[in-house]
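# Geometric and topological summary
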Amino acid sequence: PVAIEAIDLVKDYGRGEGIVHALRHVNVRFEQGKFTAIMGPSGSGKSTLMHVLAGLDSATAGNIYFAGSNITKLNDKQLTMLRRHEVGFIFQSFNLLPMFSAEQNILMPLTLAGAKPDRAWFDMLVNTLGLRERLGHRPNELSGGQQQRVAIARALISKPSVVFADEPTGNLDSVSSAEVLSFLKQSVRELGQTIVMVTHDSVAASYADRAIVFADGRIVADVEAPKAEQMN
Ligand code: ADP
Ligand code: ADP
């Protein structure tokens, strides 16, 4: 089944002289249970695509289908509900709340939704991500790799069907990056999740089932089982 489909997606920023065509009629389909990397030079439209697909920003034209329903016409409240229940986000800069412990950060999406945590799932995430001993620490007491693992646990705590990751390994060393990417890959296999990850790193992309390459607001390549050498 198709998890997300974008049809003739256009996103312009500004207007008149200063208009930027960030997405120029993009057509793309993400199968459920697949891990896709989005690559391409800075400014080519990768983040814009993710933000629009995730309903964080509206498209100028075109349609987006989420599990078969058109989300383009949803209002802000409906989009918030969709994000809360179906989508997890992982950012390059972690975006953890500094005043809260690792555990509180992980549970934040459920706290905000007024939902009860599934303790077994929480324990599985914490143990698999090696965070057991760090649960009481605040973000500034954690290494970059640990902070990103907390952010990943937070993105997965509500078992979203889709996870968007924007340069999730951009601030990590190669050892932490490999751990994070292996975990994402495993999570796709075990939960049947759909992951869309923006990355500049061809090694990171090689963990994905598929790589899409952007240039100037368009898809210029679409590769199954990408190899790091091939994506350089
Ligand atoms: P990438 O993620 O590939 O680096 P982006 O999607 O961030 O590319 O940007 C695509 C183009 O849109 C760039 O020219 C960028 O400067 C422009 N852009 C992105 N966000 C905005 C914004 N909020 N306002 C104006 N221009 C933007
Ligand atoms: P990324 O490569 O992750 O998109 P950027 O530094 O390009 O990071 O952008 C950071 C934020 O600024 C994003 O939310 C993006 O939408 C916005 N942005 C990017 N380019 C522009 C621009 N030319 N004008 C205004 N906002 C922009």
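You'll find the structure just up there.
Residue positions within a chain follow its written sequence, with the count starting from 1. Both sets of labels track the order of writing: A upward for chains, 1 upward for ligands. The predicted nature of this model means local features are confined to residues of pLDDT at least 70 and side-chain atom pairs, given and counted, to a pLDDT of 80 or more, with totals for whole chains, interfaces and linings taken over all residues. The side-chain values count all of the structure's non-hydrogen atoms but skip hydrogen atoms and water molecules.

To continue, consider the packing of aromatic side chains. Here is the rule: rings of Phe, Tyr and Trp (six-membered ring for Trp) pair when centre to centre is within 6.5 Å. Planes less than 30 degrees apart are stacked, more than 60 are edge-to-face, and the remainder are tilted. In the structure shown here, the tally under the stated rule is two aromatic pairs. Their ring planes at 25 degrees and their centres at 6.0 Å tell us that Phe89 and Phe164 sit as a pair that is stacked. Taken together, the positions of Phe89 in strand E6 (residues 87–91) and Phe164 in strand E7 (residues 162–166) put the pair 75 residues apart, joining distant regions of the chain. Taking relative accessible area as the criterion, Phe89 reaches 18% and is therefore assigned buried. Under the relative-accessibility criterion, Phe164 is labelled buried at 1%. Taken together, the ring pairs connect Phe89, Phe91 and Phe164 into an aromatic cluster. For a ring to carry a charge above it, either NZ of a lysine or CZ of an arginine must fall within 6 Å of the ring centroid while also lying within 35 degrees of the normal to the ring plane. Geometry around Phe122 places Arg119 over its ring, the cationic atom sitting 4.7 Å from the centre. Starting at the N terminus, helices and strands are each numbered in turn, a helix being any DSSP run of H or I of at least four residues and a strand any DSSP run of E of at least two. Only protein chains enter the accessibility calculation, which uses a 1.4 Å probe; a residue is then buried when its area is under 20% of its type maximum, exposed when over 50%, and partly exposed in between.

Inter-axis angles, ranging from 0 to 180 degrees, are taken between N-to-C directions of lines fitted to C-alpha atoms, where helices are fitted over the stretch in contact. With their axes 7 Å apart at the nearest point, helix H3 (residues 102–113) and helix H5 (residues 144–156) run at an angle of 30 degrees to one another. When the axes of H3 and H5 are compared, the pair comes out roughly parallel. Here H3 and H5 pass one another in a crossing that is right-handed. For the pair H3 and H5, contact is made by Ala102, Asn105, Ile106 and Pro109 and by Val150, Ala153 and Arg154, respectively. When residues are grouped by polarity, Ala, Val, Leu, Ile, Met, Phe, Trp, Tyr, Cys and Pro land in nonpolar, Asp, Glu, Lys and Arg in charged, and all others, Gly among them, in polar. In the contact of H3 with H5, the residues fall into five nonpolar, one polar and one charged. Each angle gets one of four labels, with under 35 degrees taken as roughly parallel, over 145 as roughly antiparallel, 65 to 115 as roughly perpendicular, and the rest as oblique. Crossing handedness is read from the near helix: turned anticlockwise from the far helix by less than a right angle, it gives a left-handed crossing, and turned clockwise, a right-handed one. Here a residue-residue contact requires only that any non-hydrogen atoms of the pair lie within 4.5 Å.

Right, let's get into the site of ligand 1. The full set of residues close to ligand 1 is Tyr13, Val20, Ala22, Pro41, Ser42, Gly43, Ser44, Gly45, Lys46, Ser47 and Thr48. Within the backbone of Gly45, a nitrogen or oxygen atom sits 3.0 Å from an oxygen atom of ligand 1. Interatomic distance of 2.8 Å between a backbone N/O atom of Ser47 and an oxygen atom of ligand 1. Mapped onto the shell around ligand 1, the elements with two or more residues apiece are strand E2 (20–31) and helix H1 (46–53). Its residues assigned to classes, the shell around ligand 1 shows four nonpolar, six polar and one charged. For this description, a residue counts as near a given molecule or strand if any of its non-hydrogen atoms is within 4 Å of it. Each polar contact in these results corresponds to two N or O atoms within 3.5 Å; when the atoms are within protein, one needs to be able to donate a hydrogen and the other to accept it, and residues that are neighboring in sequence are counted only if both atoms are side-chain atoms.

Function cannot be inferred from these measures alone, as they are strictly geometric.
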